[in-house]
Amino acid sequence: MSAWLHACLCLCVCVCVCVCVCLSMRSLTAPANAQIVHSGAACNVKDDNISERIYTIKEGDTLVLQCIVKGHPRPQVRWTKTAGSASDKFQETSIYNETLRIEGIQRVQGGRYYCKADNGVGVAAIKSIRVDVQYLDTPVLTVHQTISDVRGSYYQEKTVFLRCTVNSNPPARFIWKRGSMLIEQSKDNGVDIYEPLYTQGETKVLKLKNLRPKDFADYTCQVSVRNVCNIEDKSVTFRLTNATTPPMIRLSVNDTVVVDPGQDVLLTCEVTAGFPLPTVTWSRYPGPLPLSAQVRGPTLILRAVTPADAGFYNCSAVNNVGNPARKNVNLVVRTMGNLTYQITPDSNKDSETIQMGRDLKLSCHVDATPQDKVNYTWYKNGAPVFNSDSLILLRSDPDMAPGTSSLEIVDMKFRDLATYSCVANFPGSRVPELRVDVNISQNSVSPPVLSVPSGGQMVIVRERGNAELVCLVVDGKPRPPILWSRTEKDLLMPSGQTVVETPDGRLRLRNVSRDMMGTYRCQTAPYNGLNIKRREAQVQLNVQYPPILDPVFQDMRSRNYQMVTLRCTVLRSNPARLTDIRWFRNGDFIRMPMPDLKETPELKFKLEPTNNGSYECRVSNTAGTSTCTFNVSAQPYNAEFYFDTPNPVRILKGNNYSYNLQWTQRDPEATDRIIGYSIINKQNLLTKQIDLKGKEPEKGVLISTTISDLRIPLSYEVRLVPITTYNTGEYVSRIIQYSEHHVCGFEDERICGFSQDRSDIFDWTRQNHLTQNPKRSPNTGPETDRSGTKEGYYMYIEASRPRVQGDKARLLSPLFNGTSVRGPKGSGRVPYCVSFYYHMKGKHIGTLNVLLRVRSIASVDSVIWTKSGHQGPDWKKAFFDISPSGPFQIVFEGVRGQSFEGDIAIDDVSITLGKCKQENTVASGISSMQLLGSEQ
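Looking up the chain in an unreviewed UniProt entry gives the name MAM domain containing glycosylphosphatidylinositol anchor 1, with the organism given as Seriola lalandi dorsalis. Reading the Subcellular location (unreviewed entry) entry of the UniProt record for the chain gives the comment "Cell membrane".

Another point: the environment of R178. Along the chain, the position of R178 falls in strand β15 (residues 173-178). Taking relative accessible area as the criterion, R178 reaches 16% and is therefore assigned buried. Discounting chain neighbours no more than four positions away, the residues touching R178 are I183, D188, V191, L208, R212, K214, D215, A217, D218 and Y219.

Here we come to the sheet that holds strand β58 (residues 674-681). Strand pairing in a sheet takes place through backbone hydrogen bonds and is either antiparallel or parallel in direction. Spatially, β59-β58-β61-β62 is the arrangement adopted by the four strands of the open sheet, whose pairing is antiparallel. Since the sheet does not close on itself, it has two edges, and those belong to β59 (686-691) and β62 (732-737), each with one partner. Direction aside, neighbouring strands of the sheet carry axes that sit 25 degrees apart on average. Of the pairings in the sheet, the one linking β58 to β59 comprises six bridges and is antiparallel in character.

This paragraph deals with the state of the cysteines. Simply put, the disulfide is a covalent bond whose two ends are the sulfur atoms of two cysteines. Across all of its chains, the model carries seven disulfides by this definition. Linked covalently through their sulfurs, C67 and C115 form a disulfide whose S-S length is 1.5 Å. Handedness here is read from the sign of the S-S torsion; for C67 and C115, about -60 degrees, the answer is left-handed. With C67 in strand β6 (residues 63-72) and C115 in strand β10 (residues 111-118), the pair connects residues that are 48 residues apart, well separated along the chain. The exposure classification of C67 matches that of C115, with both residues buried. Each sulfur of the disulfide joining C471 and C522 lies 2.0 Å from the other.

With that out of the way, let us pick up the sheet that holds strand β32 (residues 383-384). Reading across from one edge, β32-β31-β35-β36 is the order of the four strands in this open sheet, with antiparallel pairing throughout. What marks the edges here is a single partner per strand, and that holds for β32 and β36 (434-440). As paired elements, strand β31 (residues 375-380) and strand β35 (residues 418-425) share six bridges and run antiparallel to each other. The residue of β35 that forms the bridge with N375 is N425.

Rules used in this analysis
Residues numbered from 1 in each chain as written. Predicted model: local features only at pLDDT ≥ 70, side-chain atom pairs only at ≥ 80, totals over all residues. Heavy atoms only, no water. UniProt positions renumbered as here; feature names shortened; annotations may be inferred. Helix = DSSP H or I, 4+ residues; strand = E, 2+ residues; numbered from the N terminus. Buried < 20%, exposed > 50% of the residue type's maximum accessible area, 1.4 Å probe, protein only. Contact = heavy atoms within 4.5 Å. Pairing = 2+ DSSP bridges. Axes fitted to C-alpha atoms, helices over the stretch in contact; angles between N-to-C directions. Disulfide = S-S within 2.5 Å.

Structure (structure tokens):
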């Protein structure tokens, strides 16, 4: 869709200034496109294959990745990583891309990062880059030895292995030293250096065969990643003597220690052997050591222990000789929970009551730690019970839960009717004992009867209210607790538990929500009562809530004098029967016939300038009222600014510039025809009216206008408002500014976003006349900046020592987002003008190169301007055109000449969109190649 539509309008905005606004339109709807570039502390960026790049960075440095996007409407950008999200929220930069920034990156954060750009047009664009985090840990050196008999001789051969292990990326190089001397396997038959199999991390072993006196020495393992990312080498040293031995330890306590809550515990880990002296550490599983724990040398002190302090405590002794010595202690803190009982009638007779002449079992259980240390004692009418023919004590009943004690009454007689007591305790412990009494008589035990009160089978409650579900034991002795659960297997109770115990059978629910609705089961507990078939009942909970409507809010645009239909759909409602439907406009009730409560609420009317506004449909049932809200208007949608490329900034006569504002109109056919736009300069409140001259905006068609007479270096907030015959739309705003990054005199310490190349030999220096070294070389370098002022700054390379011939310094410009929109004469690329001033005075001047670095799948540097040798005592200007194929940087490369009188300087660098203006200059000649360029 290539046709351009032109319209020009000249407006006088004040007495003495007339501004011409030229309007143009072209079709533009472009899917998202994305590209990843970096601006952080990269060590290296290289191509892995045709679709992905590898970004190398040192652990602890700052990772900065930028996703440069194209497309209209403006794409939305998000970064993700293979394992999930890499950014918490969207961030905007000056070129409207998402920046991913990770301060102090760690090795676990390496991996593949994805940039996804989507604007709803076509398929989303996705690009990836692999981040490789480089690191080098301090190595760990351990010593191992073997002693074996040698047949046919009367001596033992002792072999020592020095094992050096390190974690690194990239793989490390190992160097072994004895004292300060390098160990070379080829020159010493008594050593062997090899890499073992199946080891974690990178490992090199130094084997000392049949130890000799000279082998008792200091050994150093040095590891290196060859200065990748400027990571320095690391080393570890171990002194091997004839006293070197592995550690041995013993504990002051047994493997298992059982204590009461509140006691202090001392665990001592005594070192019995080992040289060098081992280091003792304490740890705990599961979890860390308690906050109250104190470690004093080999002793661990736990004050006033609680059940939360229980666990396995591990003592380790390490001296890097042999394997670490380890001992474990299981610390058990006594606890005792609720004591429960069960009455089991004769199970062989399938009985549910106590009957004379039949067996009866009484069981007693307490949840305790340690469970097997609980002691149970049974009493009958206060007297201890001993085993007899009619009373049988079971210390651990195999038919019950582990840790349950039972008393069996055989062939029950009247003499067995009594009060039985079960007492549980820890012998020798300060934990209080627990006791439960069970009265066995003909009238004291009967099966329970479970009942739901009349009308309680269905409990109705409004959402966010409180409810009580009741299930009572109306008969039976003793009366057991009631257990509540959901009938649906996968549903939990509101508390998050599967079962909730209620002593009185009343389940109280607060702040009820609709997801609590359903059927609840109540059951008699199998404890603290008869151990018989469980009684159960069900209660239905019905949660009522107001109607759920769609839409909750809708913005509706329409042309005036057309019919509008508002529809409010009821998705769900409890109760389902509606009680009322009412329509309101701007808060006022709309009088209309009573709508059919069984039909979808609907309102039809003709939209006019007088009835624009907010419409509400209020739908009610007995639980409450819900509302659909419609914002109905003939107001046009807002415009959408076009941000894809840096807008052309053109310097006019004087200290002015112009700006090319671009936008599209969102859904222009939804409302009355748009006849023009109003552009408001918020700084001086000037308004410019743009008449479309009958050319109605089309969806996806780009509209452009030039704003003139803007003052450098002022910024302006510009508001754009669409206008129809009856209405005006809401404004959108953006900031227009003249960027000093396009013309840089290096006056600010931030040097306009320029940066030093980390891969060169030395750096450019910022300087002015006042900061010059008085002992500098007198016959080279400028006296002042290009403007001739002593205060003005410039950038230069210092050719004095320690610089040598051929040393290079590179200065990088900020990244420019050049895009492949249509350039002049169908070239397909946008032209830029690069201009700058240079100073090359001195008999030893080397070379000044200007390179174009294009960021694509692989960064490519190409020389676009070069000059060598002495060029006279004055500043000279050079300028030339470039047409980059994508995002780019300009690189100024200074090359040191034969000696110290070779300072090179640059100043007033300008990189602007559009071709350079010819200024009666002669094209510069370039040695070894001819390039398009000019100079003064």
